[in-house]
Amino acid sequence: MRRVEVVALLLVGALIVVGCLGAAWALSGGDSGDDGADEAGSAAGTPLPERTEPTPRVALGGVPRELRTFYRQSLAWEQCGANECATLEVPIDYTDVSAGTTEIALERTRATGERQGSLVVNPGGPGAPGTDVATQADLYFAPELLAAYDVVGFDPRGTGDSDPVDCLSDAELDAYVAQDPAPDTAAEETEFVDELDTFWSGCQRRSDSLAGHVSTVEAARDMDVLRSVLGEERLRYFGYSYGTRLGATYAELFPERVGRFVLDGAIDPSLDSRRNALSQAEGFETALRSYVGDCVDQGDCFLGDSVEDGLDTIVGLLDRIDDAPLPADDPERDLEIGNAFYGLILPLYAKENWPVLDQALRSALEGDGTTLLFLSDHYGSRESGAYTDNSLEAISVINCLDDPSAFTRRQVAAQMPDFLAASPTFGEVFAWGMLGCAGIPYTATDEPDLEIDGSGAAPIVVIGTTRDPATPYQEAVAMADQLESGVLVSRDGDGHTAYNRGNDCVDTAVHDYLLDGVVPEDGLEC
């Protein structure tokens, strides 16, 4: 199996187990018509100069004077492999432009046919590099969309190549991932808290001032600068998983700039950290039961003769790994319980990877942790002994800036019955994850309590999958309900996200909207 087939699952993920990982300007005017379904994009058909591409003129009504230089900058696109790359300059702090600037890494793949404009994309995380979506555009999008749009990926501030936050060395990150995510002894509890202290003190020591300014609100403001610099009066956007929160935040800040938006694997933006953790615990339990049920239905299931038998087998395996790590094909590491957890959940993101989970669990039951360790490494973007991006660090910083609330050990113990009821298998992990923001040394300064309804935005297509592990279906229902212009499309199926996953009904609805402006029927079931 190629690496991208697994990694793509992480990039659209939104796991919020912290401990490893969960004022608007109304711009007016434009050349593209009066509603988000009819814009054509003022840069359509523009040939690419050798380096610097002047910014097509777009209306700047409502943009504060001190920000207009950013909105009018030109991008110097350079060849990077088969695509083009550039950097976008934005303020570190939109509430205090004098605090300095930072650069956002961009990558785009050009439309292969008659171009309609730019489609800005985000794969989720939070913390996943969005430039990877442009690099792997043919895996994310059908040929119809690639023909019509330049796919523009960006690494949100503090991630990828956009001044990435740094909190731990690779060796420290290995230990952080491997630790027991559900400590069951006093010593393990102390180790868990100590690892969090090491993480946050490391962020302060190893990162620059941008680390306190990587919130979702600030990333959404960056997207509006990008929209202008791309020459688009309205932003056309495709967000997966956490990228749906980013898109909904943009819609709240800049409703009049919303063009055709698709939010796939949607998150309920109203959930606090406790309800979010409970929702994900239930989502992964549902996905695991679906996986085991499929094994049982095929007959002669290696996990057991019933779903409960199969779950007991998996829990028993995890308990044994917790007691004694399994050897793996790595001279320096065994499979420890934290690695086993991430190796188990990663294949649940797509039904197509269930056979890989079969292989991993069979091997582990026979005493070989190699495949589960391989999957855990893919979850964390670890290759050849090193981490290729900072997604495991950025997810915690971004999530905790957005919601810094944290539970104490005593509060976690009090909440445990609720979490075990939601997920007998994973409940303890998600409950302990609520300690994760304790000690964060940063405080969000830009609209930290933003409430989202997107009032005044063009139609926003919100997609949910009924057995989605990372963003459970009810969260998509909630987002579509909360967004004034939300239109819900439902996919009955397994895995995380719905578009380009073999469901013609979903794909047709997305293509009709993004290509022709035809809004799906609200409540469409696929």
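Because the structure is a prediction, the values reported are computed rather than measured.

Undergrad: Quick question: what am I supposed to make of the side chain of Thr371 here?
TA: Here Thr371 lies in helix H14 (residues 370–379). For Thr371, a relative accessible area of 12% puts it in the buried group. Among all residues touching Thr371, those that are not within four sequence positions of it are Val356, Gln359, Ala360 and Ser363.

Undergrad: What exactly am I supposed to notice about the nonpolar core here?
TA: Nonpolar side chains in soluble globular proteins generally cluster together in the buried interior. Counting 128 residues, the largest nonpolar core has Leu88, Leu106, Val120, Leu288, Tyr291, Val397 and Ile460 as the members making the most contacts within it. Sort the elements by how many residues they give to this core and helix H10 (residues 273–298) lands first, with ten residues. Ignoring any residue separated from it by four or fewer positions in sequence, one finds Val120 in contact with Val152, Phe154, Met223, Leu226, Leu230, Leu235, Arg236, Tyr237 and Phe238. Counting residues in hydrophobic clusters, the runner-up holds 26 residues, among them Leu119, Val121, Ala142 and Leu515.

Undergrad: Explain the pattern of salt bridges here, please?
TA: Two side chains bearing opposite charge may form a pair once their charged atoms approach each other closely. Tallied over the entire structure, the rule returns 23 salt bridges. Between Arg467 and Asp494 there is a salt bridge; the shortest N-O distance is 2.9 Å. Of this pair, Arg467 sits in strand E12 (residues 460–467) while Asp494 sits in strand E13 (residues 486–494), and the two are 27 residues apart along the sequence. Among the ionic contacts, a cluster of salt bridges with common partners joins Glu84, Arg108, Arg110, Arg115 and Asp150.

Undergrad: Before we go on, may I ask you to explain helix H16 (residues 409–422) in this structure?
TA: Each full turn of the α-helix corresponds to 3.6 residues, which orients residues three or four apart in the same direction. Between its first and last C-alpha atoms H16 spans 19 Å; for 14 residues at 1.5 Å apiece the expected length is 20 Å, and the two agree. For H16, the principal kink sits at Gln415 and spans about 45°; a proline, Pro417, occurs within the next four residues. Along H16, the residues that are buried comprise Val412, Gln415, Met416, Phe419 and Ala422. Buried residues along H16 sit in contact with H10 and helix H17 (427–432).

Undergrad: I'm lost on the side chain of Asn122 in this one. Help?
TA: Residue placement: Asn122 occurs in strand E6 (residues 117–122). Polar contacts involving the side chain of Asn122 include one to the main-chain amide nitrogen of Gly124, which spans 2.9 Å. With sequence-adjacent residues up to four places away left out, Asn122 is seen in contact with Phe154, Pro156, Tyr237, Phe238, Gly239, Tyr240, Tyr242, Gly243 and Leu246.

Undergrad: It is not clear to me how the packing of H10 against helix H13 (residues 354–365) should be interpreted in this structure. Could you clarify?
TA: How two helices sit against one another is set out by the angle between their axes and by the gap between those axes. Interaxial distance between H10 and H13 falls to 11 Å at its minimum, and their mutual angle equals 80°. As summarised for this structure, H10 and H13 are arranged roughly perpendicular, according to the angle between their axes. Across the interface between the two elements, Ala287, Ser290, Tyr291 and Asp294 of H10 pack against Trp354, Leu357, Asp358 and Leu361 of H13. For the contact of H10 with H13, the class distribution of residues is five nonpolar, one polar and two charged.

Calculation criteria
- Residues numbered from 1 in each chain as written.
- Predicted model: local features only at pLDDT ≥ 70, side-chain atom pairs only at ≥ 80, totals over all residues.
- Heavy atoms only, no water.
- Helix = DSSP H or I, 4+ residues; strand = E, 2+ residues; numbered from the N terminus.
- Buried < 20%, exposed > 50% of the residue type's maximum accessible area, 1.4 Å probe, protein only.
- Contact = heavy atoms within 4.5 Å.
- Core = buried A, V, L, I, M, F, W, Y, C linked by side-chain atoms within 4.5 Å.
- Salt bridge = Lys/Arg side-chain N within 4 Å of Asp/Glu carboxyl O.
- Expected span 1.5 Å × (residues − 1).
- Bend = angle between axes of the 7 residues up to and from the residue.
- Polar contact = N/O pair within 3.5 Å; in protein donor to acceptor, adjacent residues only side chain to side chain.
- Axes fitted to C-alpha atoms, helices over the stretch in contact; angles between N-to-C directions.
- Parallel < 35°, antiparallel > 145°, perpendicular 65-115°, else oblique.
- Nonpolar A, V, L, I, M, F, W, Y, C, P; charged D, E, K, R; others polar.

So far we have only geometry, and geometry alone does not tell us how the molecule works.
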